[in-house]
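Commentary on secondary and tertiary structure
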Amino acid sequence: MSIKFLRKLLIFWTLFIGIGAVWGMLMMFISPSGEMWEMEPILPMLQQSLPYPEIFFTNFIFSGIVLFFVNGATQLFSAVMLCVETAMPPYSPS
């Protein structure tokens, strides 16, 4: 496989994951209770099993923010960095 093919494949997957995470974050912001996407039964389970439920898990807003920063922003940043062609040689330790 060539480097160009692998780069295009990586760009596809990073965009796929990043756009999916942004879409998921938007769904969590539009319907914080999870009713629109039928996830309201999950919220009580999160409140029972995870720490600080009264702070983080009263709705899905916190989960949406975490989803965006952990998956969305990092994957979209990676896609941008893969798209940028640089004239710098690859790193080689001396």
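The text that follows walks through the structure, step by step, so that each part is easy to find.

About the criteria used
- Residues numbered from 1 in each chain as written.
- Predicted model: local features only at pLDDT ≥ 70, side-chain atom pairs only at ≥ 80, totals over all residues.
- Heavy atoms only, no water.
- Helix = DSSP H or I, 4+ residues; strand = E, 2+ residues; numbered from the N terminus.
- Rg over C-alpha atoms; globule rule 2.2 N^0.38 Å.
- Buried < 20%, exposed > 50% of the residue type's maximum accessible area, 1.4 Å probe, protein only.
- Contact = heavy atoms within 4.5 Å.
- Areas by Shrake-Rupley, 256 points an atom, 1.4 Å probe, with all protein chains shown as cover.
- Expected span 1.5 Å × (residues − 1).
- Bend = angle between axes of the 7 residues up to and from the residue.
- Phe/Tyr/Trp six-rings, centres within 6.5 Å; stacked < 30°, edge-to-face > 60°.
- Patch = residues over 30% accessible without salt bridge, like charges linked within 9 Å, V, L, I, M, F, W, Y side chains within 5 Å.
- Salt bridge = Lys/Arg side-chain N within 4 Å of Asp/Glu carboxyl O.
- Axes fitted to C-alpha atoms, helices over the stretch in contact; angles between N-to-C directions.
- Parallel < 35°, antiparallel > 145°, perpendicular 65-115°, else oblique.
- Left-handed = near helix turned anticlockwise from the far one by under 90°.
- Nonpolar A, V, L, I, M, F, W, Y, C, P; charged D, E, K, R; others polar.

Attention now goes to the overall build of the chain. A count of helical and extended segments in the chain gives four helices and zero strands. Along its sequence from the N terminus, the chain presents helices and strands in the succession α-α-α-α. In summary, the chain has a C-alpha radius of gyration of 18 Å against a globular reference of 12 Å for 94 residues, an excess of more than 25%. Its C-alpha atoms put the chain at 50 × 30 × 20 Å along the principal axes. For the chain, the residues scored as buried account for 19% of the 94 residues in total. Contacts spanning at least 24 positions in sequence make up 63% of the contacts within the chain whose residues lie at least 6 apart. Looking at the chain as shown, the accessible area adds up to about 7,300 Å², and 74% of this sits on carbon and sulfur atoms.

Right, let's get into helix 4 (residues 61-83). Along its 23 residues, helix 4 runs 31 Å from first to last C-alpha, staying within 8% of the 33 Å computed at 1.5 Å per residue. Of all the bends in helix 4, the largest measures some 35° and sits at F68. Lining the buried residues of helix 4 we find helix 1 (3-30).

As a further point, take the packing of aromatic side chains. Here the structure, examined in full by the defined rule, presents nine aromatic pairs. With centroids separated by 5.0 Å and ring planes inclined at 55°, the aromatic side chains of W37 and F60 adopt a geometry described as tilted. Here W37, found in the loop between helix 1 and helix 2 (42-49), pairs with F60, found in the loop between helix 3 (53-56) and helix 4; they are 23 residues apart in sequence, far enough to count as distant. For the residue pair W37 and F60, the accessibility class agrees, reading buried in each case. Here the aromatic rings of F57 and F62 are separated by 6.3 Å at their centres, their planes lie at 90°, and the arrangement is edge-to-face.

The grouping of M1, I3, F5, L6, L9, F12, W13, F16 and I17 at the surface amounts to a nonpolar patch, some 980 Å² of accessible area in total. Its location among the elements puts F16 in helix 1. Judged by its relative accessible area of 52%, F16 falls in the exposed class.

Let us now look at the packing of helix 1 against helix 4. Where helix 1 contacts helix 4, the axes come no closer than 8 Å and their chain directions differ by 155°. One finds that helix 1 runs roughly antiparallel with respect to helix 4. Of the two possible hands of crossing, helix 1 and helix 4 adopt the one that is left-handed. Each residue belonging to the contact of helix 1 with helix 4 can be placed in one class, and the counts come to 18 nonpolar, nine polar and one charged.

Scope: geometric values only; no functional claims are made or implied.
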